[in-house]
Amino acid sequence: MTTDIKMLFCVGLACVLTGVGTSAFIGKSHGGGKDDPVLQYVVNNSLREHPVLTKLRLRTLEDRSHRMMVASEQAQFMANLIKLINATKAIEIGMYTGYNALSMALAMPDSGRVVACEVVEQYIAVANTFFQEAGVESKIDVRQKLALITLNELIAAGEAGTYDFVFIDADKSNYDNYYEQSLQLIRKGGIIAIDNVLWSGNVVDPAPTDYTSQALDALNKKLHKDQRIELSMLTVGDGLTIAIKR
Ligand SMILES: C[S@@+](CC[C@H](N)C(=O)[O-])C[C@H]1O[C@@H](n2cnc3c(N)ncnc32)[C@H](O)[C@@H]1O
Ligand SMILES: *[C@@H]1O[C@H](CO)[C@@H](O)[C@H](O)[C@H]1NC(C)=O
Ligand SMILES: *[C@@H]1O[C@H](CO)[C@@H](O)[C@H](O)[C@H]1NC(C)=O
């Protein structure tokens, strides 16, 4: 999905990271940031990974699409946000093999619930194995259909304004729709976390045919002006926006 290829060029004392974009932006600890000593330091000195999350991460690294997996350091940050706001209702939009869904479920009390949107059967099968191993399968409600449909069903079921946390991480062309649906579903003070907002740095100067970068750039610019939310854009993972509903 993302191109993580970056190269370090040094002239005299000055080094620049080039490839896709030119920045100090690092990436994920299992992707483009894998060999970065600062990110290794961060992971070595702050990651507190539940043993089942470790097993799930190692299992997912065997999958050819493993670059889609959320960075463990980012999932831990979001789990801490969940604890900070005492979240008990969360939505995962784009579950893949379930790393972040499991991380959120583990961060919530027994009464906590995660609605997880995913379409691919094989990914759901992997996820379910680990949800059971961690003993949280009853906290995670996997909906195997298009996320737009699941979110509309939640709204139609009268659940608008009741969710504490949403993680948007599915097909990028629908991000704006997911954001608008999430704003309806989230309560005041609830958090919408949006992944891949930097798209390996390509949002800085999207190519004319790079519609994904263009869409993400447009959404970033829309949120900058959006008075319905408080806003932070973090250079964590592939770029993480935190929007807090006012
Ligand atoms: C980047 S991955 C998600 C990674 C995941 N959040 C994690 O914790 O590792 C995106 C996932 O969204 C799923 N997806 C793509 N389009 C979707 C849609 N319209 N509805 C539901 N899921 C979708 C893909 O099958 C893929 O597994
Ligand atoms: C992080 O830990 C690994 C494994 O113990 C080690 O090889 C590496 O040197 C460490 N890196 C840093 C920057 O702490
Ligand atoms: C979260 O719950 C704890 C313990 O019940 C409470 O002390 C704290 O004030 C709550 N925090 C928020 C933001 O509601």
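The coordinates are above.
Structure report, in brief. Everything quoted here is computed from the prediction, not taken from an experiment.

**Quick look at the layout of surface pockets**
Okay, step 1: Counted as a void, the largest pocket has a volume near 470 Å³.
Okay, step 2: Taken together, 31 residues form the lining of the largest pocket, with Gly 94, Glu 118, Asp 169, Ala 170 and Asp 171 sitting closest to its centre.
Okay, step 3: Mapped by element, the contributors of at least two residues to the lining of the largest pocket are helix 4 (99-107) and helix 6 (147-156).
Okay, step 4: Tallied by class, the residues present in the lining of the largest pocket amount to 16 nonpolar, 7 polar and 8 charged.

**Concerning the site of ligand 2**
Okay, step 1: Around ligand 2 sit Pro 37, Gln 40, Tyr 41 and Asn 44, and those are all the residues in its vicinity.
Okay, step 2: Between a nitrogen atom of ligand 2 and a side-chain N or O atom of Gln 40, the distance comes to 3.3 Å.
Okay, step 3: Contact between ligand 2 and Asn 44: an oxygen atom at 2.3 Å from a side-chain N or O atom of the residue.
Okay, step 4: Calculation on ligand 2 without its partners gives an accessible area of 360 Å², and the protein chains cover 34% of this total.
Okay, step 5: Residue composition of the shell around ligand 2, by class: 2 nonpolar, 2 polar and no charged.

**Thoughts on the site of ligand 1**
Okay, step 1: For ligand 1, the set of nearby residues contains 22 residues, the closest of which are Glu 92, Gly 94, Glu 118, Ala 147 and Asp 169.
Okay, step 2: With respect to ligand 1, the backbone of Asn 100 contributes an N or O atom lying 3.0 Å from an oxygen atom.
Okay, step 3: Within the side chain of Glu 118, an N or O atom sits 2.6 Å from an oxygen atom of ligand 1.
Okay, step 4: Within the complex, 91% of the 600 Å² of free accessible area of ligand 1 lies under protein.

**Focus on a nonpolar patch on the surface**
Okay, step 1: On the surface, Val 38, Tyr 41 and Val 42 cluster together to form a nonpolar patch covering roughly 300 Å² of accessible area.
Okay, step 2: Structurally, Tyr 41 can be placed in helix 1 (residues 37-46).

About the cut-offs
Residues numbered from 1 in each chain as written. Chains lettered and ligands numbered in written order. Predicted model: local features only at pLDDT ≥ 70, side-chain atom pairs only at ≥ 80, totals over all residues. Heavy atoms only, no water. 1 Å grid on protein atoms, 1.4 Å probe; cavity = no way out; pocket = protein on both sides within 12 Å on 5 of 7 lines; lining within 4 Å. Points joined across faces, edges and corners; volume = space filled by probe spheres on them. Helix = DSSP H or I, 4+ residues; strand = E, 2+ residues; numbered from the N terminus. Nonpolar A, V, L, I, M, F, W, Y, C, P; charged D, E, K, R; others polar. Near = heavy atom within 4 Å. Polar contact = N/O pair within 3.5 Å; in protein donor to acceptor, adjacent residues only side chain to side chain. Areas by Shrake-Rupley, 256 points an atom, 1.4 Å probe, with all protein chains shown as cover. Patch = residues over 30% accessible without salt bridge, like charges linked within 9 Å, V, L, I, M, F, W, Y side chains within 5 Å. Salt bridge = Lys/Arg side-chain N within 4 Å of Asp/Glu carboxyl O.

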